[in-house]
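# An overview of the molecular structure
The primary structure of each chain is shown beneath.
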Amino acid sequence: MNIDQLRKDALEHLWTHNGSWVEMAENGGPVIILKAKGIRLTDSDGVEWMDVSSGYQCVTAGHAREELAEAALEQMREIAYFPNFGATPPTIKLSKKLAQITPGNLTRSFFVNGGSDAVETAVKMARAYHVRNKEGSRYRIISRKGSYHGALGITTHLGGRDVNEQRDYVPSFPGLLYAPQPNAYRSSFNTEDPELDAELCAKAIQDLIEFHGPETVSAVVADPIPGANASVPGSCYWPMLREICNKYGVILIGDEVITAWGRTGKMFALEHWGVVPDIMTVAKGLSSAHLPVGAVIATKEIASVFAGGEVSKPFIHALTFGGHPVTNAVALRNIKLIEDENLVKNSETQGSYIRKKLLEMMDKYPMIGCVQGKGLQIGIDLVIDRASKEPIPHSVRETLGDELEKRRLLVRPGSFGFTLYPPLIINRDEVNELLEKMDESFSATHKLFF
Ligand code: PLP
């Protein structure tokens, strides 16, 4: 393989996501990954990296699983594609499996290609549900500041971490409302009490519904533990949100795109609070990222309004590749891997250990402001000063990023620190290696700046 030619071709033709090819050129072209196995990646210079981010938080059962490759090949040889206006065996089997393992009465699955289209679909489903129920005035959608729900149409404007991300895409959609996000470390209500913070955040959603009129509100879209900082809401938050949505007839969309499949130490994160959403969105780790797949799983109550023979009744929404037999066969096999290898339990065990060790590191490194998360969804907030909680400046961030990179950890700090999302197969030796490399990276940065 001519790697130099590949690099040149990438600079000429490849449009990388969220990136600049000028920057790529300054670095002599992109890092080209040639191989991956388990939690490790090998680049074209033969350098091995530890993937502690699971790519985009999606490589649940590890890279390049033989079982998943076999499942894809077997299915491709049987039937490689049929549109989802009909059905194929993997599609039916996966819908049954999801009904069995999701909490409560989430029983019917609409298959899509990924997380953004899962949330787009859920939002349309919620609006169509209200229209079927003769409540067509319900069009507003409430999401939370700081959450991320995707990059397509309406999902571009749900949540939002940084106005710059949405700057190119105004005007937005009508009826989008934004609520504060619970964050025990950086409360929007200036409280140190996570329960009070959670209660006030839930009440803010109630206020929005009451202020704009419940008859205008369609849905609340919320991710159980946000991807950007892994901040775990106080324990009252999700039960309160469920109660508020019930009270005002608003659909609760639980966006489990990052948190499902054991990432937080439960198969689905909302199980931590015993809450069942009306619609759940899943994607990412459903196939361990071996193929693009997502699902929108609705309760019996939601799905039943779309039943019946009238032409206007079905949910009019279709994606060419939604319910693809090959991706669904791989997803089914992947869920079996998660179950057979006890990956949900491993996520809980290894995640608790990593957090404990990081909390111990706080004694040595004042730049660690706090450590948050559940299971193997871990957030590390980095500050220049613990009292003011001022985020570390760019120079410290760059140095720490370079130190982590030097040790071949595939992670880079952002404006508030960084998150760890290792594949759920990570074992104790690998965890200790990761912790040692982080300790060294913090130490080198600490010596220079603190
Ligand atoms: N929802 C959440 C909670 C996410 O974290 C993401 C992606 O990070 C999405 C939706 C969008 O998923 P995708 O990138 O597969 O479109």
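Treat the numbers as computed from the prediction; the structure is a model and nothing was measured.

## Points about empty space enclosed by the protein
- With the rule as written, the count across this model stands at 1 cavity of 30 Å³ or more.
- In this structure, the largest cavity spans a volume of roughly 60 Å³.
- Along the lines of polarity and charge, the residues of the lining of the largest cavity split into 7 nonpolar, 3 polar and 2 charged.

## Concerning the sheet that holds strand β3 (residues 48–50)
- In space, the 3 strands of this open sheet follow the order β1-β2-β3, with antiparallel pairing throughout. Of all strands in the sheet, those with a lone pairing partner are β1 (33–37) and β3, marking the two edges. Each strand axis lies, on average, 25° off the axis of its neighbour in the sheet, ignoring direction.
- Here 4 bridges tie β1 to strand β2 (residues 40–43), and the two strands are oriented antiparallel to one another. Among the inter-strand pairings, A36 is bridged to a residue of β2, identified as L41.

## Examining helix α9 (residues 237–248)
- Helix length check: α9 (12 residues) gives 17 Å between terminal C-alpha atoms against 16 Å at 1.5 Å per residue, within 8%.
- Taken together, the buried positions of α9 are occupied by Y237, W238, L241, R242, I244, C245 and Y248. One side of α9 holds all its buried residues, which, seen down the axis, span an arc of 165°. Every exposed residue of α9 that faces more than 90 degrees away from the buried side is listed here: E243, N246 and K247.
- Where α9 is buried, its residues contact β5 (140–144), α8 (194–212), β7 (217–222) and β8 (251–255).
- Looking one or two places after α9, you find G249, whose phi comes out positive at around 65°.

## Quick notes on the packing of helix α5 (residues 89–101) against helix α11 (residues 325–340)
- Between α5 and α11, the shortest axis-to-axis distance is 8 Å and the interhelical angle comes to 35°. Crossing of α5 against α11: the hand is left-handed. The residues of α11 that touch α5, namely those facing P90, T91, K93, L94, K97, L98 and I101, are P325, N328, A329, A331, L332, I335 and E339.

## Some details on the site of the ligand
- Lining the immediate surroundings of the ligand are G114, G115, S116, Y148, H149, G150, D255, V257, I258 and K284.
- Between the ligand and D255, the relevant distance is 2.6 Å, taken from a nitrogen atom to a side-chain nitrogen or oxygen of the residue.
- Grouping the constituent residues of the shell around the ligand by class yields 3 nonpolar, 5 polar and 2 charged.

Conventions and cut-offs
Residues numbered from 1 in each chain as written. Predicted model: local features only at pLDDT ≥ 70, side-chain atom pairs only at ≥ 80, totals over all residues. Heavy atoms only, no water. 1 Å grid on protein atoms, 1.4 Å probe; cavity = no way out; pocket = protein on both sides within 12 Å on 5 of 7 lines; lining within 4 Å. Points joined across faces, edges and corners; volume = space filled by probe spheres on them. Nonpolar A, V, L, I, M, F, W, Y, C, P; charged D, E, K, R; others polar. Pairing = 2+ DSSP bridges. Helix = DSSP H or I, 4+ residues; strand = E, 2+ residues; numbered from the N terminus. Axes fitted to C-alpha atoms, helices over the stretch in contact; angles between N-to-C directions. Expected span 1.5 Å × (residues − 1). Buried < 20%, exposed > 50% of the residue type's maximum accessible area, 1.4 Å probe, protein only. Arc of directions from axis to C-beta. Contact = heavy atoms within 4.5 Å. Left-handed = near helix turned anticlockwise from the far one by under 90°. Near = heavy atom within 4 Å. Polar contact = N/O pair within 3.5 Å; in protein donor to acceptor, adjacent residues only side chain to side chain.

Taken by themselves, the reported measurements are silent on function.
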